[in-house]
Amino acid sequence: MSEAQLNVWEKALGWRKRQMIQRQLDPISNKIRNDALEEVAKEVDNFKAFEKDTMASFAAYVRSLKR
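Here is a short report on the structure shown in this document. (Residues numbered from 1 in each chain as written. Predicted model: local features only at pLDDT ≥ 70, side-chain atom pairs only at ≥ 80, totals over all residues. Heavy atoms only, no water.)

A few points about the overall build of the chain
Now for step 1: Each helix and strand counted, the chain has three helices and zero strands in total.
Now for step 2: Reading the chain from its N terminus to its C terminus gives the helix and strand order α-α-α.
Now for step 3: A total of 67 residues make up the chain; the buried ones form 13% of that total.
Now for step 4: By element, 59% of the accessible surface of the chain is carried by carbon and sulfur atoms, the whole surface being about 5,900 Å². (Helix = DSSP H or I, 4+ residues; strand = E, 2+ residues; numbered from the N terminus. Buried < 20%, exposed > 50% of the residue type's maximum accessible area, 1.4 Å probe, protein only. Areas by Shrake-Rupley, 256 points an atom, 1.4 Å probe, with all protein chains shown as cover.)

Examining a nonpolar patch on the surface
Now for step 1: Nonpolar side chains collect at one region of the surface, where Phe 58, Tyr 61 and Leu 65 lie side by side and expose about 290 Å² of accessible area between them.
Now for step 2: Along the chain, the position of Phe 58 falls in helix α3 (residues 52-64).
Now for step 3: Of the residues examined, Phe 58 reaches a relative accessible area of 41% and is grouped as partly exposed. (Patch = residues over 30% accessible without salt bridge, like charges linked within 9 Å, V, L, I, M, F, W, Y side chains within 5 Å. Salt bridge = Lys/Arg side-chain N within 4 Å of Asp/Glu carboxyl O.)

Regarding the side chain of Glu 38
Now for step 1: Relative to the helices and strands, Glu 38 resides in helix α2 (residues 27-45).
Now for step 2: Residues in contact with Glu 38, not counting those within four places in the same chain, are Arg 63 and Lys 66. (Contact = heavy atoms within 4.5 Å.)

As for the environment of Thr 54
Now for step 1: As for its placement among the helices and strands, Thr 54 is situated in helix α3.
Now for step 2: Measuring from C-alpha to C-alpha, the distance between Thr 54 and Val 44 comes to 9.9 Å, with ten residues separating the pair along the chain.

Quick word on the nonpolar core
Across soluble globular proteins, nonpolar side chains show a tendency to be buried alongside one another.
Now for step 1: Membership of the largest hydrophobic core is limited to six residues, which are Leu 37, Ala 41, Val 44, Met 55, Ala 59 and Val 62.
Now for step 2: Where this core is concerned, the elements lending two or more residues are α2 and α3.
Now for step 3: Not counting residues up to four positions away in its chain, the partners in contact with Ala 41 are Ala 59, Val 62 and Arg 63. (Core = buried A, V, L, I, M, F, W, Y, C linked by side-chain atoms within 4.5 Å.)

Some details on the pattern of salt bridges
Now for step 1: Taken as a whole and judged by the stated rule, the model has four salt bridges.
Now for step 2: Arg 63 is the salt-bridge partner of Asp 45, the closest N and O atoms lying 3.5 Å from each other. Residue Asp 45 is found in helix α2, and its partner Arg 63 is found in helix α3; the two are separated by 18 residues along the sequence.
Now for step 3: Look at Asp 45 and you get partly exposed, because its relative accessible area is 23%.
Now for step 4: Residues participating in the shared-partner salt-bridge network are Glu 38, Asp 45, Arg 63 and Lys 66.

Below, the structure written as structure tokens:
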């Protein structure tokens, strides 16, 4: 592996490590995010513009975005 390729891997692994640490250290942001996603999902469930199954499926997708 050349030095340039190694440098790319080091940067990628450093980014992933930072991402994992931020997720562990930031439970308040995760709670706020999850609460907002749940609120959106509840509102989507109440939409009348589309079939009930379509809106339930979309609400399930929104809920799946929670951390």
